[in-house]
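# Structure at a glance
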Amino acid sequence: MNIGFIGLGIMGRPMALNLLKGGHRVRVWARRPESMQPLLDAGAGAASGPADVALAADLVISMVADAPDVEQVWLAAGGVASAGKTGLVGIDMSTIRPAAARDIARRLQAAGVDFLDAPVSGGEVGAIAGTLSIMVGGGSDAFATAAPAFACMGKNIVHVGDSGAGQVAKAANQIVTGAGVLTVAEALNFAAKSGVDPAKVREALLGGFAYSKILENHGQRMLERNFKPGFKSWMHQKDMNIVMQSAHELGLCLPVAAATTQMFNAMVGSGLGEEDSIAILKLLERLSSAASE
Amino acid sequence: MDLGFIGLGAMGRPMARHLLRAGHRLCVWARRPATSEPLHADGATVCASAAEVARRSAVVFTVLTADSDVEQVVLAPAGLLEGFSSGSVLIDMGTVSPGLTRRLASRLAQNGVAMLDAPVSGGEQGAIDATLAIMVGGDAQVLERVRPLLACLGKTIVHIGDHGAGQVAKACNQMVMVAAIQAIAEALHLSRAAGVDPRRVRQALSGGSAASRVLDTLGLRMVDRHFTAGIEARLHHKDFRIINDEAHRLGVPLPVSAPVTQQLNALIANGWGQCDTSTLLRVLELSAGEGQ
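Residues and elements named next belong to chain A. Inspection of the secondary structure assignment puts A259 in helix α12 (residues 255-269). Among the residues examined, A259 registers a relative accessible area of 39% and is labelled partly exposed. Between the C-alpha atoms of A259 and A179, which are 80 residues apart in sequence, the distance is 8.7 Å.

Listed below in structure tokens is the structure:
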């Protein structure tokens, strides 16, 4: 398939590489030219902008930071839609507000682009390994067209529902993972401050009902005090804000997500934004007595 | 002085009347013409557009609900910006995000128009009694020029700082006020669950360190179960969106405001948005399985 790929950051770069490995012809564009080089070295073509990406493509994928970037890439002057390729399937794999995704899908439909929201979970590791979870919202035909591309990037690929449904699933994912990282950090901090070896506590918990992938992976990195991202906490903060805004729009009571959001706010405000989200442990330590260790 | 006024709701209407009563000529405009009628009867001139209000006024007041309303009234075709001339002043007394205020102020400044953000606290009663607390952001010299006008509307007029500073103060006001409403609702809810008369508890608290204006007014509403607004809870709900967005933008944790927002979300979900914010008590009763 001829695939256009826009946005070659921590996640986008390995995802585009996996499309190349899967035998697709890929043309790329990124705001910073230097981020395109690794893809060009691997055999991708270079495009001069989003509209140019669309020209020879059956499928265009974007992986950028937030809703304004998605709008820019797809709908602004020089955006993908301006290429006028009726029948194009478009996929945004960034994490944005469900309402924004629905709005963009609607406006792209008017331009003849069949749009899917397909945010991912699994982090940089999953992107490199091609084992991402991909949560898809949009029409079935577009989903069928995109399936071979998804298969190169992810393992657990779920067509969740109509436009925006993928982003709703992703927001739900971020509630669980955000609260999960915080509770694992709380538990390990609790153990350590109580004078008990947190490594042993983690090991014990892994065998019971508190088992989770986060306890296993993030918990291990907390014990190693390896705060290198991974998933930067400012991105999780951004995602929690999406959750809070959606709760506000819909009239939802999300007490745990709300409390978790505040901790992420504090992380970003206190200079931990560029560290992995497990640095939430450092924030808890700052708020806890220094006793024991 | 020739004044303009846009936004003649529960707050705006009595405020506009005070300006008329002080002897100023007042031009008004409203999206729905019926809204202007009571003021017309009081002697205000009804204009065909916001631009016309701006053309005929030295100072224009706006008291609107949402960011999008203010943005529209100022920037849309036939909006205030079209009618303003160099030296005009816009005083926005609604509660909007500090970011929007700063954007509008810098846009207006390009045309030589000064803007103050001057949100208020004190509710409808404060507007009627002209006892509002007014929190002002913008140029202090501009404030001094219009201070006599603001003095027709409120008692406490504080210059907080540059553009947006008034809105920041208002956001802080809402955080403190609604957290207090929630705390009082919780206290009265707990008293009743413990088999103690909430009315007596409130009375006792009023004499001690927990005394507050919120306890006096909204606490009384709660024990009287008088949930008719007052301050419509949907407005507080709207303000908490601003608060949470600022917390996100600034990276500031708000461990109390965040769950208060969730209680407000639940209140809205139950269709109580037009009730008084003392209805937060009913949200607690819902969690306790009552009132279903």
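From this point, the discussion proceeds with the structure in view.
Quick look at the nonpolar core now. Counting 56 residues, the largest nonpolar core has F5, M15, I91, M93 and F150 of chain A as its most contacted members. Of all the elements, helix α7 (residues 140-153) of chain A adds the most residues to this core, at seven residues. Excluding anything up to four places from it in sequence, F5 of chain A contacts G12, M15, A16, L19, V26, R27, V28, W29, V53, I61, M63 and M153 of chain A. Ranked by size, the runner-up nonpolar core spans 32 residues in total, among them L19, L26, V142 and C152 of chain B.

To continue, consider the pattern of salt bridges. Inspection of every chain in the model, using the stated rule, returns 25 salt bridges over all chains. The closest approach of N and O atoms between D2 of chain B and R25 of chain B, which form a salt bridge, is 2.6 Å. In this pair, D2 of chain B sits in strand β1 (residues 2-6) while R25 of chain B sits in strand β2 (residues 25-29), placing the two residues 23 residues apart along the sequence. Using a relative accessible area of 30% as the deciding quantity, one classes D2 of chain B as partly exposed. The exposure class assigned to R25 of chain B is exposed, which follows from its relative accessible area of 52%. With a shortest N-O distance of 3.0 Å, R199 of chain B and D224 of chain B are connected by a salt bridge. One end of the pair, R199 of chain B, is in helix α10 (residues 198-206); the other, D224 of chain B, is in helix α11 (residues 213-224), and 25 residues separate them in sequence. With relative accessibility at 39%, the residue R199 of chain B sits in the partly exposed group. Salt bridges here are not isolated pairs; linked through shared partners, they connect E71, D103, R106 and R107 of chain A.

Counting from both sides, the interface comprises 18 residues of chain A and, opposite them, 21 residues of chain B. Both sides of the chain A and chain B interface together cover about 1500 Å² of buried area, and 56% of this is carbon and sulfur. In this structure, the connection of chain A to chain B is made through one salt bridge. For the side of chain A that touches chain B, the element with the highest residue contribution is helix α11 (residues 233-250) of chain A, accounting for eight residues.

The predicted model of chain B has a mean per-residue pLDDT of 95, with 99% of residues at 70 or higher. Two numbers describe this predicted complex: its pTM, 0.84, and its ipTM, 0.77.

Moving on, we come to the state of the cysteines. Per the counting criterion, the structure on display carries zero disulfides over all chains. Looking at the unpaired C47 of chain B, the closest cysteine sulfur is the one in C27 of chain B, lying at 4.0 Å. This cysteine, C275 of chain B, is not joined by any disulfide, and C253 of chain A carries the nearest cysteine sulfur, 18 Å off.

Now for the side chain of D239 of chain A. Residues and elements named next belong to chain A. Within the element layout of this structure, D239 appears in helix α11. Since its relative accessible area comes to 4%, D239 is described here as buried. Only 2.7 Å separates the side chain of D239 from the side chain of Q174, close enough to count as a polar contact. What D239 contacts, discounting residues up to four positions off in sequence, is T95, K170, Q174 and F231.

About the thresholds
Residues numbered from 1 in each chain as written. Chains lettered and ligands numbered in written order. Predicted model: local features only at pLDDT ≥ 70, side-chain atom pairs only at ≥ 80, totals over all residues. Heavy atoms only, no water. Helix = DSSP H or I, 4+ residues; strand = E, 2+ residues; numbered from the N terminus. Buried < 20%, exposed > 50% of the residue type's maximum accessible area, 1.4 Å probe, protein only. Core = buried A, V, L, I, M, F, W, Y, C linked by side-chain atoms within 4.5 Å. Contact = heavy atoms within 4.5 Å. Salt bridge = Lys/Arg side-chain N within 4 Å of Asp/Glu carboxyl O. Buried area = accessible area lost by both parts, 1.4 Å probe. pLDDT = per-residue confidence, 0-100. Disulfide = S-S within 2.5 Å. Polar contact = N/O pair within 3.5 Å; in protein donor to acceptor, adjacent residues only side chain to side chain.

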